[in-house]
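# Reading the structure
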2 protein chains.
Amino acid sequence: MNDIEILGNLDKGQNFVKSVEEKKFLFSLVISYTETSEIPGITIAGSNLDFIKFTSPADSEYLHYGTCKCIDSVPMTPDGKPTPAIMTKVALESASIPHIVINAGSKILPDIPFIETGLDHGKNIQNEPALDRYYVLRAVEYGRIIGRTLGALTDCLVIGESIPAGTTTAMAVLKGFDIDAKVSSSIPENPIELKNNVVNAALKRSKSKDAYDVIANLGDPMIPLVAGMLGTASQTCKVLLAGGTQMAAVLALGHTTGYNENNIAIGTTSYIVNDDSANFLDMIKEIADIPILIVNPKLEDSKIQGLRSYSDGFVKEGAGAGGAMISAILKTGLTSKKLLEKTEKEYQRIITLQ
Amino acid sequence: MNDIEILGNLDKGQNFVKSVEEKKFLFSLVISYTETSEIPGITIAGSNLDFIKFTSPADSEYLHYGTCKCIDSVPMTPDGKPTPAIMTKVALESASIPHIVINAGSKILPDIPFIETGLDHGKNIQNEPALDRYYVLRAVEYGRIIGRTLGALTDCLVIGESIPAGTTTAMAVLKGFDIDAKVSSSIPENPIELKNNVVNAALKRSKSKDAYDVIANLGDPMIPLVAGMLGTASQTCKVLLAGGTQMAAVLALGHTTGYNENNIAIGTTSYIVNDDSANFLDMIKEIADIPILIVNPKLEDSKIQGLRSYSDGFVKEGAGAGGAMISAILKTGLTSKKLLEKTEKEYQRIITLQ
């Protein structure tokens with residue numbers, strides 16, 4: 001598995017890799033929404049404000065159908081940068097990995113079967129608490145039920161997420177837990193100042209250090225739901241948290257909700273780890289002694305400009321792309337070069353749909 | 001497996017049993033609703049009209065929590081006859097079989113995570129067509145997606161259903177397909193005349209013999225959804241259709257939607273097969289050359305009157321109870337006598353909750 005680098009706890013990482021090679025994987029995508037995404041300039045997900053709420057359901061539909069239903073085309077910026085879900089889809093299909101979407105408060109429902117939780121979306125943390133504490137507890141409890149069921153059905157449960165502005169709420173949660181967090185973003189010129197202002201405004205409200213209060217004040221519905229899933233699934237199978245900063249926030253809540261440290265890893269792209277404006281590795285080490293699996297999607301080698309832009313710092317990760325690629329490589333021995341070729345073919349297909 | 005009798009195609013039945021013994025099972029419960037259930041006297045599910053719509057979500061919650069949330073207590077008649085979900089729950093727990101609820105148009109949403117399809121409930125077939133044809137096609141398509149995902153996650157997908165008055169819509173569908181159907185009921189004095197009147201009124205509207213038109217006119221949302229699930233899941237794993245007449249209607253639609261005949265069986269209780277007012281075995285043979293697995297829950301041996309009443313013809317089957325018991329026996333080698341003991345313990349527990 002030359003295409004997967006192990007960082008963090010190396011021993012646990014090698015054990016994790018060995019125990020899931022050629023095994024069964026199940027990919028879950030948790031979609032959600034926070035009104036924090038409506039702050040102008042905070043996210044590139046969606047080229048305009050009206051579009052943001054369609055990002056997650058459109059990605060969900062694209063993973064199933066190869067086209068979208070809630071919008072006319074597959075999400076792509078006007079200059080041809082596609083949704084990171086393109087990498088997720090290619091990886092899952094290449095390795096015949098089944099997947100399921102879990103709705104944790106998306107404003108728009110995807111037009112596919114999905115696991116429903118009845119959770120509402122999060123509020124704008126700049127102005128008010130994200131969630132009622134009651135909903136945080138409910139999200140954890142629902143996550144536990146989902147994790148118990150899905151964990152019984154596979155050898156490795158992969159959990160990805162799609163929530164516009166999710167890095168901002170994750171950053172607020174991490175700081176709420178007194179963790180030194182500098183976060184990645186889907187925009188190359190990371191709007192750090194804007195994010196810091198939002199996070200600082202939210203932190204001013206914060207009094208309680210109770211973990212559920214921190215999430216209620218500063219978080220979003222995805223974080224407690226995934227923490228609950230992690231808690232139960234990691235008792236029965238391996239769990240790969242597919243994502244960057246958002247999964248760091250999940251792990252931080254995991255100190256309270258619990259998990260089996262010997263069964264989990266974070267899986268993400270090299271673009272997250274190499275982002276100088278963030279401090280991903282140090283942050284994870286501060287939170288948990290677990291392995292971090294890294295895949296280099298090698299998009300800088302692509303002949304397609306829209307894909308090359310990823311390696312310039314655009315998007316970097318999303319829709320569990322890194323974790324999906326790692327899963328495909330671990331399950332089938334595919335190379336990331338092969339995945340890139342397939343991604344280029346898929347890109348050519350979807351631009352004919354635009 | 002002395003406690004499971006094989007009827008129908010014996011060779012296929014023995015192969016089915018052999019290939020799933022000690023393997024992984026996944027139990028799915030498809031919940032739905034038809035306004036046909038509001039015809040007074042047609043169903044015992046729910047002791048009064050207001051309660052009927054809570055039957056399926058309450059069963060779903062009970063399977064998860066051991067208690068219900070949408071109603072105050074576990075469904076039970078005033079004289080102590082419990083929901084058949086008690087047998088489902090005991091069987092699934094005894095054998096550590098994971099389960100998931102799929103909502104295909106329940107009027108009330110259960111307070112648990114479930115797979116959502118966005119389908120609406122069915123209309124009263126006595127007065128008007130059950131569904132738009134568009135929704136029938138959508139239900140089949142959604143079922144195909146769900147079956148593909150769940151089929152990839154297990155060795156044997158068990159599909160149960162919970163839809164009050166589902167025997168009446170199933171009977172109408174079977175007659176719409178020109179199959180000689182006499183149906184079971186959850187009431188010992190099967191209200192055959194009432195059901196026949198409803199079915200005949202519905203059949204008078206029927207012109208088209210197109211399978212989707214038949215379902216649209218006479219059926220309910222559960223039938224096309226389960227037919228879609230059966231179609232895709234049976235390509236990759238064994239499928240046990242857990243139920244009586246309703247699953248006969250699913251099989252009949254399966255002639256059009258397709259399935260792999262070598263991978264499927266019906267699983268139900270001896271009370272369905274021994275019901276003299278119905279003709280279950282002959283009906284299935286007319287539809288498909290598949291095995292029928294039968295479990296005798298031996299409730300007549302119970303010291304509890306509310307459970308003994310099942311063997312007198314009350315309820316007979318429901319919430320996939322027969323299929324769940326068969327799955328537990330096949331997975332773990334448990335006897336139905338042992339399951340009865342556990343069911344009696346569970347009965348003692350839930351009456352303390354009333």
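Residues numbered from 1 in each chain as written. Chains lettered and ligands numbered in written order. Predicted model: local features only at pLDDT ≥ 70, side-chain atom pairs only at ≥ 80, totals over all residues. Heavy atoms only, no water.

## A closer look at the relation of the copies chain A and chain B
To keep things clear, this is the line we draw: A least-squares superposition brings the copies together, and it is based on the C-alpha atoms of residues with pLDDT no lower than 70 in both. Contacts are residue-level and defined by heavy atoms, with any inter-residue pair within 4.5 Å sufficient.
Aligned on chain B, chain A shows an RMSD of 0.0 Å; the corresponding rotation is 180 degrees and the shift along the axis is 0.0 Å. A rotation of that kind, with that shift, is consistent with a two-fold axis. Within chain A, the C-alpha atom positioned nearest to the axis of rotation is that of I115 of chain A, 2.1 Å from it. A shared binding surface is used by both copies, with 100% of the interface residues of chain A retained as interface residues in chain B.

## What about the packing of aromatic side chains?
The test is simple: Each Phe, Tyr or Trp ring (for Trp, its six-membered ring) is paired with any other whose centre lies within 6.5 Å, and the angle between the two planes then decides the class: stacked below 30 degrees, edge-to-face above 60, tilted in between. Here, a charge over a ring is recorded when the distance from Lys NZ or Arg CZ to the ring centre is within 6 Å and its angle to the ring normal is within 35 degrees.
Under the counting rule described, the total for this entry stands at four aromatic pairs over all chains. Seen from the ring of Y65 of chain A, K69 of chain A lies directly overhead, with NZ or CZ sitting 4.4 Å from the centre.

## Comments concerning the interface of chain A and chain B
Where interface size is quoted, it is often the accessible area lost as the parts come together. Applied cut-off: Buried area: the accessible surface (1.4 Å probe) lost by two parts on joining, summed over both. Salt bridges are defined as contacts in which a side-chain nitrogen from Lys or Arg sits within 4 Å of a carboxyl oxygen from Asp or Glu. Residues adjacent in sequence count toward polar contacts only when both atoms are side-chain atoms; beyond that, a polar contact is any pair of N or O atoms within 3.5 Å, and within protein one must be able to donate a hydrogen and the other to accept it. Strands are runs of DSSP state E lasting at least two residues, helices are runs of H or I lasting at least four, and both sets are numbered from the N terminus onward. Residues are grouped as follows: Ala, Val, Leu, Ile, Met, Phe, Trp, Tyr, Cys and Pro are nonpolar; Asp, Glu, Lys and Arg are charged; every other residue, Gly included, is polar.
Contacts between chain A and chain B engage 21 residues on the former and 21 residues on the latter. Of the roughly 1,900 Å² buried at the junction of chain A and chain B (both faces included), carbon and sulfur atoms supply 67%. Put simply, chain A and chain B have two salt bridges between them. Counting across the interface, chain A meets chain B through six residue pairs in polar contact (both at pLDDT 80 or more). Secondary-structure elements contributing two or more residues to the side of chain A that touches chain B are α3 (55-65), β3 (99-103), β4 (114-116) and α5 (133-151) of chain A. Ranked by residues supplied to the side of chain A that touches chain B, first place goes to α5 of chain A with five residues. Considered class by class, the residues forming the side of chain A that touches chain B number 13 nonpolar, four polar and four charged.

## Some words on the side chain of S60 of chain A
Residue and element names in this part refer to chain A. Here is the rule: Relative accessibility decides the category of a residue: with a 1.4 Å probe and only protein chains considered, values under 20% of the type maximum give buried, values over 50% give exposed, and everything between is partly exposed.
In this structure, S60 sits in helix α3. Judged by relative accessible area, S60 falls into the buried class, the value being 0%. Among residues more than four places away in sequence, those in contact with S60 are L29, I31, V101, P110 and I112.

## As for the pattern of salt bridges
All names here are of chain B. Under the defined criterion, the tally for this structure stands at 26 salt bridges over all chains. A salt bridge links K298 to D3, with the nearest nitrogen and oxygen atoms 3.7 Å apart. Taken together, the residues span a long stretch of sequence, with K298 in the loop between β8 (291-295) and α13 (305-311) and D3 in the segment before β1 (4-8) at a distance of 295 residues. According to the relative accessible area criterion, K298 is partly exposed, its value standing at 25%. Taking the relative accessible area as the measure of exposure, D3 reaches 19% and is therefore buried. For K12, the salt bridge goes to D289, with nearest N and O atoms at 3.8 Å. Pair noted here: K12 is in helix α1 (residues 10-20) and D289 is in the loop between α12 (280-287) and β8, with a separation of 277 residues, a long-range link.

## Focus on the environment of I223 of chain A
Residue and element names in this part refer to chain A. You can see I223 is positioned in helix α9 (residues 222-236). By relative accessible area, I223 is classed as buried at 0%. Separated by 204 residues in sequence, I223 and S19 have C-alpha atoms that sit 27 Å apart. Once you skip the residues sitting within four places of it in the chain, I223 turns out to touch A170, V173, I215, A249, V250 and L253.

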